[in-house]
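# Working through the structure, step by step
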Amino acid sequence: MILILLGPPGAGKGTQAKKITEKYKFPQISTGDILRAAVKEGTEMGLKAKGYMDAGKLVTDEVVIEIIKDRIKEDDCSNGFILDGFPRTMAQASSLGDMLKENGMELGHVLDISVDESFLVERLTGRRTCKNCGFGYHIRFSPSSTDGVCDKCGGGLFQRDDDNEETVKNRFEVYKDQSDELKSFYSGLGKYQLIDGTTDPESVFKAVSAVIDG
Ligand code: ADP
Ligand code: AMP
C-alpha cells in the first residue's frame, strides 16, 4: 500500500512512519532524511539543498521529485511505501500522480496528522535523533534511558540544525502556505484521512492502523 503522511513539522510523521514500517513492512521514504544525508556527505545535491534547509524553506521541486522518482523504483518499494514529507507542493503532488501511473501503482491513503501549532515548537526543539539508526526521541515526551545515547543501537543522539525556534517559525509558515491546496486535492481524490496527532504516539498509531486496515 502507498501511503502519504501529511502534517506540519513535528506532527509525528517520522514517528508514525517507523511504527508503520515495523508493523506493515512498507519502507519509509523521507525526503528530509535523504536530503540531510546528502548534506552530510557533501554531494552536489546536498550542497544545493543546504541553504534552503537551514532557512526552513523548501528545496526546489525539481530536486525532490528526482529523489522520489529514483527511490520508488527500488525493489523494496514493490509492495508499497510510506512518503514522509513528500509531496509538499502541488507540483510535487502532480508529478507523484504521473510517477505512480507510469509504474502501475495506486495511492492508498493520505494521512494528515493534525497537531495544533502551540504543541509543535516544544516537540521540535526537544527532538533528538540517533546518528546511527535514525530512531527518534524527545527529551521530555520519550527520552532515551541514557542521556544522548540511543536505546536501540547505542549510537549518539543529535539535534537537527533546523529545529531551532527561528527556523521552526519559517517552516510553519511554509507549511501553512502549501498544505490547504494539498488537502483539498487529496480530498477530491477521496484519499484524505484526518488523524488526531495530539494524543500519545501509540494512540495516534491505533488511528493510523485503523485506516490502513480499512
Ligand atoms: P515529523 O516527522 O512530523 O517532523 P517527528 O515524528 O520527528 O515529527 O516528531 C517530532 C518530535 O515529537 C519527536 O521528538 C517525537 O519524539 C515527538 N513526538 C512524536 N509524536 C508525538 C506524540 N504523539 N506526542 C508527543 N510527542 C511526539
Ligand atoms: P523534514 O525532515 O520533512 O522536516 O524536512 C526538512 C527540510 O528538508 C525542509 O524544511 C525542506 O527544506 C527540505 N525538504 C524535505 N522534503 C521536502 C520536499 N518534499 N520539498 C521541498 N523541500 C523538502
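Please refer to the structure placed before this passage.
Structural notes, computed from the coordinates. (Residues numbered from 1 in each chain as written. Chains lettered and ligands numbered in written order. Predicted model: local features only at pLDDT ≥ 70, side-chain atom pairs only at ≥ 80, totals over all residues. Heavy atoms only, no water.)

## Some remarks on the site of ligand 1
Lining the immediate surroundings of ligand 1 are 18 residues, of which Lys13, Thr15, Arg127, Tyr137 and Thr199 lie closest. One nitrogen or oxygen atom from the main chain of Ala11 is found 3.2 Å from an oxygen atom belonging to ligand 1. Contacts to ligand 1 include Thr15, whose side-chain N or O atom sits 2.5 Å from an oxygen atom. Taken by itself ligand 1 offers 560 Å² of open surface, and the protein chains cover 90% of this. Elements represented by at least two residues in the shell around ligand 1 include exactly helix H1 (13-24) and strand E6 (136-138). In terms of residues, the shell around ligand 1 owes the most to one element, H1, which gives three residues. Its residues assigned to classes, the shell around ligand 1 comprises six nonpolar, eight polar and four charged. (Near = heavy atom within 4 Å. Polar contact = N/O pair within 3.5 Å; in protein donor to acceptor, adjacent residues only side chain to side chain. Areas by Shrake-Rupley, 256 points an atom, 1.4 Å probe, with all protein chains shown as cover. Helix = DSSP H or I, 4+ residues; strand = E, 2+ residues; numbered from the N terminus. Nonpolar A, V, L, I, M, F, W, Y, C, P; charged D, E, K, R; others polar.)

## Some words on the pattern of salt bridges
By the definition in use, this model includes 14 salt bridges. We note a salt bridge from Asp163 to Arg127, for which the minimum N-O separation is 2.8 Å. One end of the pair, Asp163, is in the loop between strand E7 (157-158) and helix H7 (165-188); the other, Arg127, is in strand E5 (residues 127-130), with 36 residues separating them in the sequence. Here the salt bridges share partners, and the residues they tie into one network are Arg127, Arg160, Asp162, Asp163 and Arg171. (Salt bridge = Lys/Arg side-chain N within 4 Å of Asp/Glu carboxyl O.)

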